[in-house]
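# Working through the structure, step by step
Spelled out from the first residue to the last, the chains are:
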Amino acid sequence: LNSQTKMSTVWSMAKKMNGIQSNKKPTKISLNNKTLETDEEMAEAFADEYAGVSSNQNYNPNFLIHKMDVESNLNQHLNPSAPEPDPELNVPFSSFELTNAISSLKRNTSPGQDDVLYEFIEHLPKNGNEAILHLFNTVWSSGILPDDWHHSIVIPILKVGKPPETLGSYRPISLTSTLCKLMERMVTSRL
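This is a predicted model, so every value here is computed, not measured. (Residues numbered from 1 in each chain as written. Predicted model: local features only at pLDDT ≥ 70, side-chain atom pairs only at ≥ 80, totals over all residues. Heavy atoms only, no water.)

## Describing helix α2 (residues 39–53)
Relative to the 21 Å expected for 15 residues at 1.5 Å per residue, α2 spans 21 Å between its end C-alpha atoms, a close match to the ideal helical length. Buried within α2 we find Met-42, Ala-45, Phe-46 and Tyr-50. Considered in projection along α2, the buried side chains sweep an arc of 125° and stay on one side of the axis. Exposed residues lying more than 90 degrees from the buried face of α2 are Glu-40, Glu-44 and Asp-48. Tucked inside the fold, the buried residues of α2 contact β1 (29–31), β2 (34–36), β3 (153–158) and β4 (170–175). (Helix = DSSP H or I, 4+ residues; strand = E, 2+ residues; numbered from the N terminus. Expected span 1.5 Å × (residues − 1). Buried < 20%, exposed > 50% of the residue type's maximum accessible area, 1.4 Å probe, protein only. Arc of directions from axis to C-beta. Contact = heavy atoms within 4.5 Å.)

## As for helix α6 (residues 126–142)
Along its 17 residues, α6 runs 24 Å from first to last C-alpha, staying within 8% of the 24 Å computed at 1.5 Å per residue. Residues Gly-128, Ile-132, Leu-133, Phe-136, Asn-137 and Val-139 constitute the buried set of α6. Buried residues belonging to α6 abut α4 (95–103), α5 (118–122) and α7 (178–190). In the stretch just after α6, Gly-143 is the one whose phi turns positive, near 75°.

## Quick notes on the packing of aromatic side chains
Tallying each qualifying case throughout the model produces 5 aromatic pairs. Their ring planes at 25° and their centres at 5.8 Å tell us that Phe-46 and Tyr-50 sit as a pair that is stacked. One end of the pair is Phe-46 and the other is Tyr-50, both in helix α2 and 4 residues apart, which spans about a single turn. Neither residue differs from the other here; Phe-46 and Tyr-50 are each classed as buried. Their ring planes at 65° and their centres at 6.2 Å tell us that Phe-136 and Trp-149 sit as a pair that is edge-to-face. Placement of Phe-136 in helix α6 and of Trp-149 in the loop between α6 and β3 is noted, with a sequence separation of 13 residues between them. For Trp-149, a relative accessible area of 11% translates into the label buried. By the ring-pair criterion, three or more aromatic residues cluster together here, those being Phe-46, Tyr-50 and Tyr-170. (Phe/Tyr/Trp six-rings, centres within 6.5 Å; stacked < 30°, edge-to-face > 60°.)

## Some thoughts on the nonpolar core
With 18 residues, the main nonpolar core has Leu-98, Phe-136 and Leu-182 as its most contacted residues. If you tally residues by element for this core, the top one is α7, at 6 residues. Setting aside its immediate chain neighbours within four residues, Leu-182 contacts Leu-98, Ala-101, Ile-102, Leu-105, Ile-121, Ile-132 and Phe-136. In this structure, Ile-29, Ala-45, Leu-167 and Tyr-170 belong to the second largest nonpolar core, which totals 8 residues. (Core = buried A, V, L, I, M, F, W, Y, C linked by side-chain atoms within 4.5 Å.)

## Thoughts on a nonpolar patch on the surface
On the surface, a cluster of nonpolar side chains totalling about 390 Å² of accessible area is made up of Leu-1, Met-13 and Met-17. With respect to the helices and strands, Met-17 occurs in helix α1 (residues 7–17). We classify Met-17 as exposed; its relative accessible area is 68%. (Patch = residues over 30% accessible without salt bridge, like charges linked within 9 Å, V, L, I, M, F, W, Y side chains within 5 Å. Areas by Shrake-Rupley, 256 points an atom, 1.4 Å probe, with all protein chains shown as cover. Salt bridge = Lys/Arg side-chain N within 4 Å of Asp/Glu carboxyl O.)

## Brief notes about the pattern of salt bridges
All chains considered together, the criterion is met by 1 salt bridge. Across the pair Glu-97 and Arg-190 runs a salt bridge whose closest N-O atoms are separated by 2.9 Å. Residue Glu-97 is found in helix α4, and its partner Arg-190 is found in helix α7; the two are separated by 93 residues along the sequence.

## Focus: unusual backbone geometry
Outside of glycine, negative phi angles account for most residues, and trans bonds account for most peptide bonds. Here the phi dihedral of Asn-32 falls at roughly 50°; this positive angle occurs in a residue that is not glycine. Here Asn-32 falls in the exposed class, since its relative accessible area comes to 73%.

## Side note on the side chain of Arg-190
Of the residues examined, Arg-190 reaches a relative accessible area of 16% and is grouped as buried. For Arg-190, the side chain forms a polar contact with the side chain of Glu-97, separated by 2.9 Å. (Polar contact = N/O pair within 3.5 Å; in protein donor to acceptor, adjacent residues only side chain to side chain.)

## Details of the environment of Glu-97
On the basis of relative accessibility, which here comes to 22%, the residue Glu-97 falls in the partly exposed class. Contacts of Glu-97, omitting those with residues within four sequence positions, involve Pro-92, Met-186 and Arg-190.

Have a look at this one:
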């Protein structure tokens, strides 16, 4: 250890010295009296588990009514004959908004499928920021997301004190595109 050692390395070493192991990928999962051992079997089981958790069947009736109302209003906005939404919300993003979003990014987080680290974005030259801003404004005006933004890498993390062979013992962490998260931050700030 020295003054250049990253804090994540220090904490990792301290946890190991205390006998605390970091989350490792599951080696086997028990499901319906069957043991799943291959990565493919476990991935399918986790996908089914997480899809079931986010199913409409889990919502209470009042929320479902509200959800259908919001979705029908959204469909009216997508209708060309519907009135224009608030123009102030739909103006192109400014370089000021991008700079604020970049400055508020969390450091030391894992990237998504794009493998772009926040640190890369922070150190881009001006023309790099202009290219990102152009991309975001194109997405914003067209309403069409890049295909990669529709996907994430889902990693199951074992909950503390839970048995590792049970599906319900894991919580999902989704690693999404860094650029998508950056644009989400800009949209959230604007709203």
